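# Breakdown of the fold
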Amino acid sequence: MAKILAVDDSAAMRQMVGATLTAAGHEVQQAADGQEALTIAAARPFDLVITDVNMPVMNGLELVRKLRTLPTYRGVPLLVLTTENSTERKLEGKDAGATGWLVKPFNPDRLLSTIARVLS
Amino acid sequence: MSALPGPRPTVALPPALPGFEQLQRFWEPKSGCWTARLLPGEYYVTRSNEAIMTVLGSCISACVRDPDRGIGGMNHFMLPEESGAGHNAWLDPKAGLATRYGSYAMESLLNQLLRTGASRSRLELKIFGGGKILSSMTVIGQRNIDFMLGYARLEGLKLSAQDVGGTQPRKIVYYPADGKVMVRRLASVSHNLADRERNYMHSLHGQQDGGEVELFE
């Protein structure tokens, strides 16, 4: 079981991802944009962060960049879950410090197996 | 830019936003408007004075715009078939495929609107389609309608108009600049429309696997 911060501006996505992770035994906290996520992540440590890219206030790639500057999150897996699948965007994610890139519509089994893999 | 020849356009074809250059647009003399034509699975966003049209059977379209910025778009999709999708699809631990695919179709459109400069809090939504047009596709239209209403509620989108259900196909023409929608009920289901929807429905089976993953290690 891991403590996971799930970040998405879509309430529908937050519900679906949250339900998938909770049912698999993970403890999930949610945020609706990068800024809110950064505040939550700075206040307590998480084992993994999974974030959308296109969000108001602060986007997911900016969140990944900011988290990587915090000592607590230097080695924590940061996954991106987005509708975007262009090579350029993925490279941007990699450069920002993301651990992996998952394309929506998400596959619950694959999401869980990816999480298990990056946490091991 | 793919524009079909038509009778004497009186205005130049507006530039397409990046990523939408390939979508077919034609000159519609009656409305004096360039018009983008959507097929199942496609969406289009514009900030120009042009129209978006499509023909819907059991598929559903969301017309979404930011009235202050004159940015709007439309999609055209249906949910893939799946067994056992209950009313709590949003909270299903396995997050039903249909719900995930529908959210993906909506999010693709919304993301493009926001990237183009629309404000999420101002977005106005109109929904069309979800007809019961073929005996072999009886519940599909209603599932599409139920999904769309649930999604709008969850996401807090303002639903300002809807024309859904029934037994006739619809031709929809949306003008994002002023939000106007022309709906025409079609008398009968053409073979083309029925084939298009059936082919689209079958193509969605291939997407069941979904969720491409790339690890940067």
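Here, every reference points to the structure presented above.
All figures in this text were calculated on a predicted structure; none of them were measured in a lab. (Residues numbered from 1 in each chain as written. Chains lettered and ligands numbered in written order. Predicted model: local features only at pLDDT ≥ 70, side-chain atom pairs only at ≥ 80, totals over all residues. Heavy atoms only, no water.)

## Quick word on the overall build of chain A
Summing up its helical and strand segments, chain A has 5 helices and 5 strands in all. Ordered by position in the sequence, the α and β elements of chain A form the string β-α-β-α-β-α-β-α-β-α. At 13 Å, chain A has a C-alpha radius of gyration in line with the 14 Å of a compact globule built from 120 residues. Expressed as lengths along the three principal axes of its C-alpha atoms, the size of chain A is roughly 30 × 30 × 30 Å. Sorting the 120 residues of chain A into buried and exposed places 59% on the buried side. In chain A, 62% of the contacts between residues at least 6 apart in sequence involve partners at least 24 apart. In the form shown here, chain A has an accessible surface area of approximately 4700 Å², with 51% of it arising from carbon and sulfur atoms. The average position of the 13 basic charges and that of the 13 acidic charges among the side chains of chain A differ by 6 Å. (Helix = DSSP H or I, 4+ residues; strand = E, 2+ residues; numbered from the N terminus. Rg over C-alpha atoms; globule rule 2.2 N^0.38 Å. Buried < 20%, exposed > 50% of the residue type's maximum accessible area, 1.4 Å probe, protein only. Contact = heavy atoms within 4.5 Å. Areas by Shrake-Rupley, 256 points an atom, 1.4 Å probe, with all protein chains shown as cover. Lys, Arg positive; Asp, Glu negative; His and termini not counted. Charge placed at Lys NZ, Arg CZ, Asp CG, Glu CD.)

## Regarding empty space enclosed by the protein
Gaps left between atoms show up when a probe the size of a water molecule is rolled over them. Residues and elements named next belong to chain A. Applying the stated criterion across every chain yields a total of 4 cavities of 30 Å³ or more. Its boundaries defined by the atoms lining it, the largest cavity holds a volume of some 60 Å³. What lines the largest cavity is simply Ala6, Val7, Asp8, Met13, Arg14, Val17, Ile50, Thr51, Asp52 and Leu81. Contributing elements (two or more residues each) for the lining of the largest cavity: strand 1 (3-7), helix 1 (11-23) and strand 3 (48-51). When residues in the lining of the largest cavity are grouped by element, the largest group, 3 residues, is from helix 1. Along the lines of polarity and charge, the residues of the lining of the largest cavity split into 6 nonpolar, 1 polar and 3 charged. (1 Å grid on protein atoms, 1.4 Å probe; cavity = no way out; pocket = protein on both sides within 12 Å on 5 of 7 lines; lining within 4 Å. Points joined across faces, edges and corners; volume = space filled by probe spheres on them. Nonpolar A, V, L, I, M, F, W, Y, C, P; charged D, E, K, R; others polar.)

## Quick notes on the pattern of salt bridges
Taken as a whole and judged by the stated rule, the model has 20 salt bridges over all chains. Aspartate 52 of chain A is paired through a salt bridge with lysine 104 of chain A; the nearest N and O atoms lie 3.4 Å apart. Placement of the pair is aspartate 52 of chain A in the loop between strand 3 and helix 3 (60-68) and lysine 104 of chain A in the loop between strand 5 (100-103) and helix 5 (108-119), with a sequence separation of 52 residues. On the basis of relative accessible area, aspartate 52 of chain A is assigned to the buried category, the value being 0%. Assessed through its relative accessible area of 3%, lysine 104 of chain A is described here as buried. In this structure, the salt-bridge partner of glutamate 212 of chain B is lysine 90 of chain A, at a minimum N-O distance of 2.6 Å. In this pair, glutamate 212 of chain B is assigned in the loop between helix 3 (191-205) and strand 11 (213-215) and lysine 90 of chain A in helix 4 (residues 87-96), connecting two distinct chains. Relative accessible area serves as the criterion here: at 9%, lysine 90 of chain A is assigned to the buried category. (Salt bridge = Lys/Arg side-chain N within 4 Å of Asp/Glu carboxyl O.)

By themselves, these observations are geometric and do not establish any function.
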